[in-house]
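Reading the structure
Here is how the chains run, residue by residue.
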Amino acid sequence: MSDKKAGPPVYAGRLLPDQFNLMHYKQAYDQQKQEEHQDQGRNKIRVNVRNTVTPHSLNVMPPPNGIEGTRATTLQEIVQKVNYIHKGKTLFVEVVHEPYRVVGTTMLVRDDNLNLISASLYNYVLPHEDHTEIFPEGSCLAIMEPFMKHSRDDPNRELALRCDNPQCIILYPTKADWLRTKSLAGMGPAGRRSNALSTGQTKLDPSELRKKG
């Protein structure tokens, strides 16, 4: 299957300094926490209504062979094609700050090159679940078919990762499992295969999430 464009034209972007991404994330995090504190009742309604399963606007599906059929990538490689679904690639990241939730769950992540970026994951955390318990600081993830875009589709805003399909996210129980998978995925589709590639936890398809309520 060939790679697909999604949304605005594909172009080569650039990563902003880590200090800027960290500062911007903390500002957004603090603002969300302040809103929650100011009006708990309004925020509860907003989360319960808006953080439901959303349509797959990007139509991103996990690779047919799962993570075993992908090659490890980095933010520096992904930013060379913004607004582009990077088929056959997997981005390995660590969560470096407590996440917050508005519509999806947003977190600050760091890749192998120690670059930072904000990532918004939709449909992974259900309304009744605690996003801070599911993705505590230090969580290790694999994002298959990564997609980078401007926040709120505004070209004047910062770049961020977005994933609508929870099946494209693997949450590893330990950092050791995550590191072992990275070492194998880096060899690409023709590399060795190991059960270590499937030791992470994936989510059900959104249609199944609806059944669970």
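For the structure itself, consult the block above.
Residues numbered from 1 in each chain as written. Predicted model: local features only at pLDDT ≥ 70, side-chain atom pairs only at ≥ 80, totals over all residues. Heavy atoms only, no water.

On inspection of all chains with the given rule, the structure shows nine salt bridges. Close ionic contact of Glu98 with Lys33 constitutes a salt bridge, the shortest N to O distance being 3.8 Å. In this pair, Glu98 sits in the loop between β2 (89-95) and β3 (100-101) while Lys33 sits in helix α1 (residues 18-38), placing the two residues 65 residues apart along the sequence. Salt-bridge contacts for Lys182 lead to Asp112; the nearest nitrogen and oxygen are separated by 2.5 Å. Separated by 70 residues along the polypeptide, Lys182 in helix α5 (residues 175-185) and Asp112 in the loop between β4 (105-110) and β5 (116-121) bring together distant segments of the chain. A relative accessible area of 15% means that Lys182 is categorised as buried. One network of salt bridges, in which partners are shared, links Arg71, Glu77 and Lys89. (Salt bridge = Lys/Arg side-chain N within 4 Å of Asp/Glu carboxyl O. Helix = DSSP H or I, 4+ residues; strand = E, 2+ residues; numbered from the N terminus. Buried < 20%, exposed > 50% of the residue type's maximum accessible area, 1.4 Å probe, protein only.)

A few words on the layout of surface pockets. Roughly 640 Å³ of volume is contained in the largest pocket. Secondary-structure elements contributing two or more residues to the lining of the largest pocket are α1, α2 (40-50), β5, β7 (148-150) and β8 (159-163). The element that contributes the greatest number of residues to the lining of the largest pocket is α1, accounting for seven residues. Its residues assigned to classes, the lining of the largest pocket comprises eight nonpolar, ten polar and eight charged. (1 Å grid on protein atoms, 1.4 Å probe; cavity = no way out; pocket = protein on both sides within 12 Å on 5 of 7 lines; lining within 4 Å. Points joined across faces, edges and corners; volume = space filled by probe spheres on them. Nonpolar A, V, L, I, M, F, W, Y, C, P; charged D, E, K, R; others polar.)

Mapping Gln76 onto the fold places it in helix α3 (residues 75-78). As for Gln76 and Leu15, which are separated by 61 residues in sequence, their C-alpha atoms are 7.1 Å apart. Dropping the residues within four chain positions of it, Gln76 is found in contact with Leu15, Asp111 and Asn115. (Contact = heavy atoms within 4.5 Å.)

Here we take up α5. When α5 is considered as a whole, its buried residues turn out to be Asp177, Trp178, Thr181, Lys182, Leu184 and Ala185. Burial along α5 is one-sided: seen end-on, the buried residues are contained in an arc of 165 degrees. The secondary structure elements touched by the buried residues of α5 are β1 (71-73), β2, β6 (140-144) and β9 (169-172). (Arc of directions from axis to C-beta.)

This next bit is on the pairing of β6. The buried fraction of β6 is high, at five of five residues. Side chains of β6 alternate between two faces, with Cys140, Ala142 and Met144 and Leu141 and Ile143 buried alike. With five bridges joining them, β2 and β6 adopt antiparallel strand pairing. Each residue of the ladder has a partner; that of Glu94, found in β6, is Cys140. Pairing geometry for β6 and β9, over four bridges, is antiparallel. Paired with Ala142 across the strands is Ile170, a residue of β9. (Pairing = 2+ DSSP bridges.)

This is a description of form; function is not addressed.
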